[in-house]
Amino acid sequence: MFKTIVVAVDGSECSKKAVTTACDIASASNAKMIIVHAPQAETTAFIVGGPVGYHELLTAPSHAELEETGNKIVAEAAELAKEKGCTVETDMHIGDPVRQVLKVAKDKDADLIVMGRRGLGSVASLFLGSTSQKIQHHATCACLTVV
């Protein structure tokens, strides 16, 4: 079975389902679980403050805002995992989510990456592409995309 599972989160409902699914797999496999989040300015405006207004689209969040939002997302995912009976490690670095998830998976010798299929919604993904698709394309371990 699996020994190390990396779970990519972004605060979306799909990523919450990914955490729950990863906990089920980790419990069945007695695997270590690592929650990874990598906030970036291009997507955080879609997460912070609910509806995106004209001003939010033109003003990128500061480094401090990215860090604050990222820490909140990681803490919420870790709390959900704890509620499901899983102990987790967390990793949060500002930057490209694809690179960060793949780096953590490689550094931790993960044999599974679990992530949500949709996170940002249709508008952001039109401009940025699908993170889950890119991770699957470049991963050197198994990937599970949760709907």
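This text goes with the structure placed above it.
In this report, we go over the structure that sits alongside the text. (Residues numbered from 1 in each chain as written. Predicted model: local features only at pLDDT ≥ 70, side-chain atom pairs only at ≥ 80, totals over all residues. Heavy atoms only, no water.)

Taking strand neighbours across the sheet as the criterion, the 5 strands line up as S3-S2-S1-S4-S5 in an open arrangement whose pairing is parallel. Sheet topology places strand S3 (88-92) and strand S5 (142-146) at the edges, where each strand pairs with a single neighbour. The mean angle between the axes of side-by-side strands here comes to 20 degrees, regardless of whether they run parallel or antiparallel. Summarising the sheet, strand S1 (residues 4-8) and strand S4 (residues 112-116) pair through 4 bridges and their orientation is parallel. Within the sheet, the bridge partner assigned to Ala 8 lies in S4 and is Met 115. Contacts from helix H4 (residues 63-83) reach strand S2 (32-37) and S3, with the element oriented near 165 degrees to S3. (Pairing = 2+ DSSP bridges. Helix = DSSP H or I, 4+ residues; strand = E, 2+ residues; numbered from the N terminus. Axes fitted to C-alpha atoms, helices over the stretch in contact; angles between N-to-C directions. Contact = heavy atoms within 4.5 Å.)

Attention now moves to unusual backbone geometry. We note that Asn 30 has phi near 55 degrees; this positive angle belongs to a residue other than glycine. Within the secondary structure, Asn 30 is located in the loop between helix H1 (13-29) and S2. Overall, Asn 30 belongs to the exposed group, its relative accessible area being 71%. In this structure, Asp 109 takes a positive phi of about 55 degrees despite not being glycine. Among the structural elements, Asp 109 can be located in the loop between helix H5 (97-107) and S4. (Buried < 20%, exposed > 50% of the residue type's maximum accessible area, 1.4 Å probe, protein only.)

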